[in-house]
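Chain residues, written in single-letter form:
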Amino acid sequence: PTGPFRDALGRTLIRAGAYSGQAIDPMVFTDDNGQSYLYWGNGFMAAAELNNDMTSIKKETLTTLNPDKTFREGTYVFYRKGTYYFLWSENDSRDADYRVRYATATSPLGPLTIPKENLVIAKDTAAGIYGTGHNSILQIPGKDEWYIVFHRFDYPNGINMGRSAGYNREVCIDKMEFNPDGSIKQVVPTHKGIL
């Protein structure tokens, strides 16, 4: 996992300019049946099934998902108890209000349902925590125990750096919990989980 790495394809998997918006923040989700999906995009959320070679997409499955106007970048998908969860970052990583929202679906390719209350994690000004966005999710194997990993402005000085704070970040982890109906409880960021 520490490399060295080499370019096995000699080309990008998703070519710049092939789709609207920027082709950034790729994420692979593998479903319980072994089928893998690729998600990417800035300003739009694109998704497609990956072929078995994991280096090409099934173009006929290419889908543009439509979360809502809060979507900026950083799609992350996971599955829990019959529901697919789609998380994304709202705003810019240099913005103190960079935060995570979510939608759900019954399929890895949507369509998406956006809960009325869909904020996953956001700044906590009283604690001096800002810019809580671009996440991934960890599940403790064999347990219904979940954690959100995200980056935020460097504490405590990031908020004083202006837009440069987006380039001075730290990676953090906090527990994520669910309501009985499967909705995600909003996470209150803490100072405990700095990685």
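Keep in mind the model is a prediction, meaning the values are calculated, not measured.

To find the voids left in a structure, one rolls a probe of water-molecule size over its atoms. Space inside the largest pocket adds up to approximately 160 Å³. In the lining of the largest pocket, the residues fall into five nonpolar, two polar and three charged.

The four strands lie next to each other as S1-S2-S3-S4, forming an open sheet whose pairing is antiparallel. Both edges of this open sheet fall to strand S1 (27-30) and strand S4 (63-65), since each of them pairs with a single strand only. Across the sheet, the axes of successive neighbouring strands diverge by a mean angle of 30°, strand direction being ignored. Summarising the sheet, strand S3 (residues 45-49) and S4 pair through three bridges and their orientation is antiparallel. Residue pairing across strands places Ala 47 opposite Thr 63, the latter belonging to S4.

What follows deals with the sheet that holds strand S8 (residues 119-121). Pairing is antiparallel across the open sheet formed by four strands, whose spatial order is S5-S6-S7-S8. Every interior strand has two partners, whereas the edge strands, strand S5 (73-80) and S8, have only one. Adjacent strand axes in the sheet meet at a mean angle of 30° when their direction is disregarded.

To continue, consider unusual backbone geometry. The peptide bond linking Gly 3 to Pro 4 adopts the cis configuration, its omega dihedral lying at 5°. With respect to the helices and strands, the residue Pro 4 is situated in the segment before S1. Omega for the peptide link from Tyr 155 to Pro 156 comes to 5°, which places this bond in the cis form. Relative to the helices and strands, Pro 156 is located in the loop between strand S10 (146-153) and strand S11 (169-176). Located in the positive-phi region is Lys 81, a residue other than glycine, with phi close to 45°. For Lys 81, the location among the structural elements is in the loop between S5 and strand S6 (83-90). Phi at Asn 91 is positive, roughly 75°, even though this residue is not glycine. Mapped onto the elements of the fold, Asn 91 is located in the loop between S6 and strand S7 (99-105). Since its relative accessible area comes to 24%, Asn 91 is described here as partly exposed.

Burial analysis of S3 places five of its five residues in the buried class, which makes it a mostly covered element. Judged from the four bridges that link them, strand S2 (residues 36-40) and S3 form a sheet pairing that is antiparallel. Following the sheet pairing, Tyr 37 is matched in S3 by Glu 49. Once S2 ends, the chain turns through four residues before running back antiparallel as S3, passing Gly 41 with a positive phi of about 130°.

Let us now look at the pattern of salt bridges. Using the criterion set out here, one finds nine salt bridges in the structure. Across the pair Glu 90 and Arg 99 runs a salt bridge, and its minimum N-O distance is 2.9 Å. Across the pair Asp 92 and Arg 94 runs a salt bridge, and its minimum N-O distance is 2.8 Å. Classification of Arg 94 as partly exposed rests on a relative accessible area of 26%. Within this structure, Arg 72, Asp 92 and Arg 94 form a network of salt bridges that share partners.

Here is what the cut-offs are and how they apply
- Residues numbered from 1 in each chain as written.
- Predicted model: local features only at pLDDT ≥ 70, side-chain atom pairs only at ≥ 80, totals over all residues.
- Heavy atoms only, no water.
- 1 Å grid on protein atoms, 1.4 Å probe; cavity = no way out; pocket = protein on both sides within 12 Å on 5 of 7 lines; lining within 4 Å.
- Points joined across faces, edges and corners; volume = space filled by probe spheres on them.
- Nonpolar A, V, L, I, M, F, W, Y, C, P; charged D, E, K, R; others polar.
- Pairing = 2+ DSSP bridges.
- Helix = DSSP H or I, 4+ residues; strand = E, 2+ residues; numbered from the N terminus.
- Axes fitted to C-alpha atoms, helices over the stretch in contact; angles between N-to-C directions.
- Buried < 20%, exposed > 50% of the residue type's maximum accessible area, 1.4 Å probe, protein only.
- Salt bridge = Lys/Arg side-chain N within 4 Å of Asp/Glu carboxyl O.

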